[in-house]
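Structural overview
What follows is the residue order along each chain.
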Amino acid sequence: GENVEQHPSTLSVQEGDSAVIKCTYSDSASNYFPWYKQELGKRPQLIIDIRSNVGEKKDQRIAVTLNKTAKHFSLHITETQPEDSAVYFCAASIYHQFYFGTGTSLTVIP
Amino acid sequence: NAGVTQTPKFQVLKTGQSMTLQCAQDMNHNSMYWYRQDPGMGLRLIYYSASEGTTDKGEVPNGYNVSRLNKREFSLRLESAAPSQTSVYFCASSEGQGYSPLHFGNGTRLTVT
């Protein structure tokens, strides 16, 4: 089955700085890559996603890049704010199944 | 729309007891999923149902059974609970076509003593 690795597991940044989270996947048939944000005690919520035929997608301060050849994709958050503090999960989707990374705990220091 | 609704929110079981976690979605989604979330291990797929009438095993199916009761409802059953099943359980649904994301319920925190 698909294997998704996510790094780093924890990340601390100063407010206003950028944060980057990286994921790799193993199965070249994976064709959809969503990112989820999970606040403490809450459910994961979709923040951005990218399809396999797209290299980059941006939504305000959040962007995702995909390199199909290298099988890796990254989440970029610019101008970080304290409310960005949460756990972020990447996922790869193949044949109705979604495989998740182990999460990155992001702390934005005011 | 309520989205994905899970019950109960919290449950404590003793080893060997059984229980069923209920999940319903009102988004007319085709696919439904059960995940468990443990510290440091992300979300792991237990079972999924790509469409009404079908169910398939995920990464960690041992000790669980599922029923896709109709298009809206997908239940997860623990026949004989074990301490290793202490976890937070999330139900999710998806349109199941093309590039459609998962929508999660609020989770069930299960403790097995």
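Computed from a prediction, not measured in an experiment: that's the story for all the values here. (Residues numbered from 1 in each chain as written. Chains lettered and ligands numbered in written order. Predicted model: local features only at pLDDT ≥ 70, side-chain atom pairs only at ≥ 80, totals over all residues. Heavy atoms only, no water.)

1. Brief notes about the interface of chain A and chain B
Put simply, an interface is often sized by how much accessible area is lost when its parts join up. Condition: The contact rule is simple, with two residues in contact once any of their heavy atoms fall within 4.5 Å. Using a 1.4 Å probe, buried area is obtained as the accessible area two parts lose upon being combined, added over both of them. Should a side-chain nitrogen of Lys or Arg be within 4 Å of a carboxyl oxygen of Asp or Glu, the pair is scored as a salt bridge. Whenever two N or O atoms come within 3.5 Å, that pair is a polar contact, provided that in protein one can donate a hydrogen and the other can accept it, and provided that, for residues adjacent in sequence, both atoms are side-chain atoms.
Contact with chain A, which involves 19 residues of that partner, is made by 21 residues of chain B. Of the roughly 1,800 Å² buried at the junction of chain A and chain B (both faces included), carbon and sulfur atoms supply 59%. The three residues of chain A that bury the most area against chain B are A:Arg43, A:His96 and A:Phe98, which together make up 33% of that side's buried surface. Run the count over chain A and chain B and you get zero salt bridges. The interface formed by chain A and chain B holds seven residue pairs in polar contact (both at pLDDT 80 or more) in total.

2. Some points on the pairing of strand S11 (residues 104-109) of chain A
All names here are of chain A. Here is the rule: Partly exposed describes any residue whose relative accessible area lies between the buried limit of under 20% and the exposed limit of over 50%, with all areas from a 1.4 Å probe on protein chains only and scaled to the type maximum. Per the convention used, a helix needs a DSSP run of H or I reaching at least four residues, while a strand needs a run of E reaching at least two, with both numbered from the N terminus. Pairing between strands requires that DSSP locate at least two bridges from one strand to the other.
Burial of S11 is one-sided: the residues Thr104, Leu106 and Val108 facing one way are buried, the residues Ser105, Thr107 and Ile109 facing the other way are not. One ladder, built from three bridges, connects strand S9 (residues 86-94) with S11; its direction is antiparallel. Pairing of Val87 across the sheet is with Ser105, part of S11.

3. Looking at the pairing of strand S5 (residues 43-49) of chain B
All names here are of chain B. Burial analysis of S5 places seven of its seven residues in the buried class, the great majority of the element. Sheet topology note: the strand S4 (residues 31-37)/S5 ladder contains six bridges and is antiparallel. Paired with Arg36 across the strands is Arg44, a residue of S5. What sits between S4 and S5 in their antiparallel hairpin is a turn of five residues, with Gly40 showing a positive phi close to 75°.

4. With respect to the nonpolar core
It is characteristic of soluble globular proteins that their nonpolar side chains tend to be buried jointly. How we decide: We call a set of buried Ala, Val, Leu, Ile, Met, Phe, Trp, Tyr and Cys residues a nonpolar core when their side-chain atoms join them within 4.5 Å.
By size, the foremost hydrophobic cluster in this structure holds 25 residues, and its most contacted members are A:Trp35, A:Phe73, A:Leu75 and A:Leu106. Looking at this core, the elements with two or more residues in it are strand S2 (10-14), strand S3 (19-25), strand S4 (32-38), strand S5 (45-51), strand S7 (62-67), strand S8 (72-77), S9 and S11 of chain A. The element best represented in this core is S9(A), accounting for five residues. In terms of nonpolar packing, the next biggest core, distinct from the first, is built from 19 residues, B:Trp34, B:Ile46, B:Phe74 and B:Leu78 among them.

5. Observations regarding the state of the cysteines
As a reminder of what qualifies: Throughout, disulfides are identified as pairs of cysteine sulfur atoms within 2.5 Å of each other.
Tallied over the entire structure, the rule returns two disulfides over all chains. Shown here is the disulfide that connects A:Cys23 with A:Cys90, its sulfur atoms set 2.0 Å apart. What sets the handedness of the A:Cys23 and A:Cys90 disulfide is the S-S torsion sign, and at about -100° it is left-handed. Here A:Cys23 is found in strand S3, whereas its partner A:Cys90 is found in strand S9, with 67 residues between them in sequence. Across this residue pair, the class does not change: A:Cys23 and A:Cys90 are buried. Linked covalently through their sulfurs, B:Cys23 and B:Cys91 form a disulfide whose S-S length is 1.9 Å. Since a negative S-S torsion denotes a left-handed disulfide, the B:Cys23-B:Cys91 link at about -75° is left-handed. Of this pair, B:Cys23 sits in strand S3 (residues 19-25) while B:Cys91 sits in strand S9 (residues 87-94), placing them 68 residues apart in sequence.

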